[in-house]
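# Coordinates in review
Below are the chains, spelled out letter by letter.
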Amino acid sequence: MIQLTNLTDEEIKAIGRCIGEAFYDEGEGLFTRLDREDAITALKIMTECYYRLGVLYATSEQQEGYLAYWRKGEAKEWGMKMVRVSFHMAWRFLRELSFGSLKKLLPLMNNPYEKIYQKEPDYVVISMVAVRREFQGQGFLHVLLEEPFCIARERNIPCVLDTDTELKVKKYISCGMRETAETSIKGGGTIYTMESRA
């Protein structure tokens, strides 16, 4: 696993597009509530924000898959950096997405894991994981999850994520996670909260 650094704006946009296409082209999930280009744009914006925070990783130099993760304890230290990046993301959403897509996207920005794990002093959160279409079904999800799982085990803390389809739940269970909660989303759909705990 490598942390993505020193990328050009065009490289970040290309990665965001790969992630957006991987999410949207599954044909199900909450991002398919948006039209395809708005869903891809939203994920490009999110990818850029994860990159700016220094939490965007790839499986290898070949970039078969991508992951954004961090520890709750690290996020507390980001301070103004997090405020700037969050403001930048919100501003770009307002500027680049249609009003209809914004309205559909807002419920997706709710992170049920934050409420469920609020009493945990620390945890590793996986905020985004995607395997490029041409590499799906080759075990790269396991590769992506290995590092955050290892950090969680070493610190004896949970590794958590929210996901939006039953198929993804099954994939995460096959990687050693378990479902801890289901949250209904306004307008239909469910967010499933998953954890891996040593």
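Now for a look at the structure at hand. (Residues numbered from 1 in each chain as written. Predicted model: local features only at pLDDT ≥ 70, side-chain atom pairs only at ≥ 80, totals over all residues. Heavy atoms only, no water.)

## Some remarks on the side chain of T47
- Summarising the element assignment, T47 is placed in helix α2 (residues 36-53).
- Not counting residues within four places of it along the chain, the set of residues in contact with T47 comprises I12, I15, G16, I19, L56 and M128. (Helix = DSSP H or I, 4+ residues; strand = E, 2+ residues; numbered from the N terminus. Contact = heavy atoms within 4.5 Å.)

## Quick word on the sheet that holds strand β5 (residues 159-163)
- Ordered in space as β1-β2-β3-β4-β5-β7-β6, the 7 strands form an open sheet in which the pairing is mixed. In the strand order of this sheet, the two ends are held by β1 (2-3) and β6 (178-184), each with one partner.
- In this sheet, strand β7 (residues 190-196) lies alongside β6 in antiparallel orientation, the contact comprising 6 bridges. For T183, the partnering residue across the bridge sits in β7 and is I191. (Pairing = 2+ DSSP bridges.)

## Remarks on the layout of surface pockets
- Here the second largest pocket defines a volume of roughly 180 Å³.
- Lining of the second largest pocket is provided by D9, I12, K13, T41, K44, I45, E48, Y51, R52, R92 and E96.
- Elements with a minimum of two residues in the lining of the second largest pocket: α1 (9-24), α2 and α4 (80-96).
- Residue contributions to the lining of the second largest pocket peak at 6 residues, all from α2.
- Of the residues assigned to the lining of the second largest pocket, the class counts are 3 nonpolar, 1 polar and 7 charged. (1 Å grid on protein atoms, 1.4 Å probe; cavity = no way out; pocket = protein on both sides within 12 Å on 5 of 7 lines; lining within 4 Å. Points joined across faces, edges and corners; volume = space filled by probe spheres on them. Nonpolar A, V, L, I, M, F, W, Y, C, P; charged D, E, K, R; others polar.)

## What to know about α2
- A rise of 1.5 Å per residue sets the reference length of α2, with its 18 residues, at 26 Å; its end C-alpha atoms lie 26 Å apart and thus fit the reference within 8%.
- Counting buried residues along α2, 14 of its 18 residues qualify, which places the element largely inside the surrounding structure.
- The residue sitting at the N-terminus of α2 and contributing the capping side-chain oxygen is D35; that oxygen lies 3.1 Å from the backbone nitrogen of E37. (Expected span 1.5 Å × (residues − 1). Buried < 20%, exposed > 50% of the residue type's maximum accessible area, 1.4 Å probe, protein only. Polar contact = N/O pair within 3.5 Å; in protein donor to acceptor, adjacent residues only side chain to side chain.)

## Considerations on a nonpolar patch on the surface
- Judged by side-chain polarity, F87, W91 and L94 come together as a nonpolar surface patch covering roughly 390 Å² of accessible area.
- Residue placement: L94 occurs in helix α4. (Patch = residues over 30% accessible without salt bridge, like charges linked within 9 Å, V, L, I, M, F, W, Y side chains within 5 Å. Areas by Shrake-Rupley, 256 points an atom, 1.4 Å probe, with all protein chains shown as cover. Salt bridge = Lys/Arg side-chain N within 4 Å of Asp/Glu carboxyl O.)

## A word on helix α7 (residues 140-155)
- The end-to-end C-alpha distance of α7 is 24 Å, a good match for the 22 Å that 16 residues give at a rise of 1.5 Å each.
- Along its length, α7 shows its largest kink, about 35 degrees, at E146, and proline P148 lies within four residues downstream of that point.
- If you check which residues of α7 are buried, you get F140, L141, L144, L145, P148, F149 and A152.
- At its buried positions, α7 is contacted by β3 (65-71), β4 (124-131), β5, α8 (166-174) and β7.
- N156 occupies a position one or two residues after α7 and carries a positive phi of about 55 degrees. (Bend = angle between axes of the 7 residues up to and from the residue.)

## Quick look at the pattern of salt bridges
- Counted under the stated rule, the structure contains 18 salt bridges.
- The salt bridge partner of R133 is D25, with a shortest N-O separation of 2.6 Å. Taken together, the residues R133 in the loop between β4 and α7 and D25 in the loop between α1 and α2 connect sequence positions 108 residues apart.
- Residue E37 pairs with R36 through a salt bridge whose shortest N-O separation is 3.8 Å.
- With a relative accessible area of 29%, R36 lands in the partly exposed category.
- Put simply, R17, E21, D25, R36, E37 and R133 are held in one network by salt bridges that share partners.

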